[in-house]
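# Breakdown of the fold
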Amino acid sequence: MAKVKYTIKENKKVGTHSFYAIPVPNGTLDFMEVCEEACENTSIEPSLMRAAVAEYMKAVKRNVLKGFRCAVGEQFIYVYPNLEASLKDKKDAQGNIIEVAKIEDFTLAGAKSRLGATVSKKYSAQFAADVSWQRVDASGAVIEEEDIVDDGGTTPTTPDTPSDPGTGGGDNTGGGDEG
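It should be emphasised that the depicted structure is a prediction, and the values quoted were computed from it without experimental measurement. (Residues numbered from 1 in each chain as written. Predicted model: local features only at pLDDT ≥ 70, side-chain atom pairs only at ≥ 80, totals over all residues. Heavy atoms only, no water.)

A tally of regular secondary structure across the protein chain gives 3 helices and 10 strands. Beginning at the N terminus, the succession of helices and strands in the protein chain can be written as β-β-α-α-β-β-β-β-β-α-β-β-β. Counting all 179 residues of the protein chain, 16% fall into the buried class. In the protein chain, the share of contacts with a sequence separation of at least 24, taken over all contacts with a separation of at least 6, comes to 42%. Carbon together with sulfur atoms contributes 54% to the accessible area of the protein chain, which is approximately 13,400 Å² in total. (Helix = DSSP H or I, 4+ residues; strand = E, 2+ residues; numbered from the N terminus. Buried < 20%, exposed > 50% of the residue type's maximum accessible area, 1.4 Å probe, protein only. Contact = heavy atoms within 4.5 Å. Areas by Shrake-Rupley, 256 points an atom, 1.4 Å probe, with all protein chains shown as cover.)

And the structure:
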């Protein structure tokens, strides 16, 4: 089972006693490195794969610009045009509403065009089944091991009690509405 390290940080923006987990990256692989690995033990040349994927991504870009949701990989990631714009009630310092937001007041002034992306539910579920998480401190030293279980809780393990390789699951926090 794959093992990803994570650390715990305090979320000081929302006050005390609020914590969150952050995966610790092993580094970054560039596009060509991934193409080379994908081509290992195949007759495909990495440069040919790179060229094919580059052309595929040009087609994705053209179609996203036309308003389509486009798959990047089979049942993997979907990219789409997204618009960041909102209108909310105006409140005073005490939290009392002083002006109610109305649909006729909505404009795109200040809106931002964004590229959205979601991970398919199928891929996210497969990732959850294949990954195990290992907590580390700031120096990278292992603190404890945990496996995510289907009910969203965690089951602590110790070196004497190995994790069940069949354990996995959790919510599709990667987002996505594709199946």
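Inspection of every chain in the model, using the stated rule, returns 0 disulfides. The structure places no disulfide on Cys-35, whose sulfur is separated from the nearest cysteine sulfur, that of Cys-39, by 6.3 Å. (Disulfide = S-S within 2.5 Å.)

Applying the stated rule across the entire model yields 2 aromatic pairs. Consider the rings of Tyr-6 and Trp-133, whose centres lie 6.3 Å apart with planes at 75°: the pair is edge-to-face. Taken as a pair, Tyr-6 in strand E1 (residues 2-10) and Trp-133 in strand E8 (residues 131-136) lie far apart in primary sequence, 127 residues in all. In this structure Tyr-6 comes out as buried when scored by relative accessible area, which is 7%. A relative accessible area of 17% places Trp-133 in the buried class. (Phe/Tyr/Trp six-rings, centres within 6.5 Å; stacked < 30°, edge-to-face > 60°.)

This next bit is on the side chain of Thr-7. Of note, Thr-7 is situated in strand E1. Thr-7 sits in the buried class, given a relative accessible area of 13%.

With respect to the helices and strands, Thr-118 occurs in strand E7 (residues 112-119). Residue classification places Thr-118 among the buried positions, given a relative accessible area of 11%. Polar side-chain contacts of Thr-118 include one of 3.4 Å to the side chain of Arg-69. (Polar contact = N/O pair within 3.5 Å; in protein donor to acceptor, adjacent residues only side chain to side chain.)

Note that all results are geometric; they support no functional claim without further evidence.
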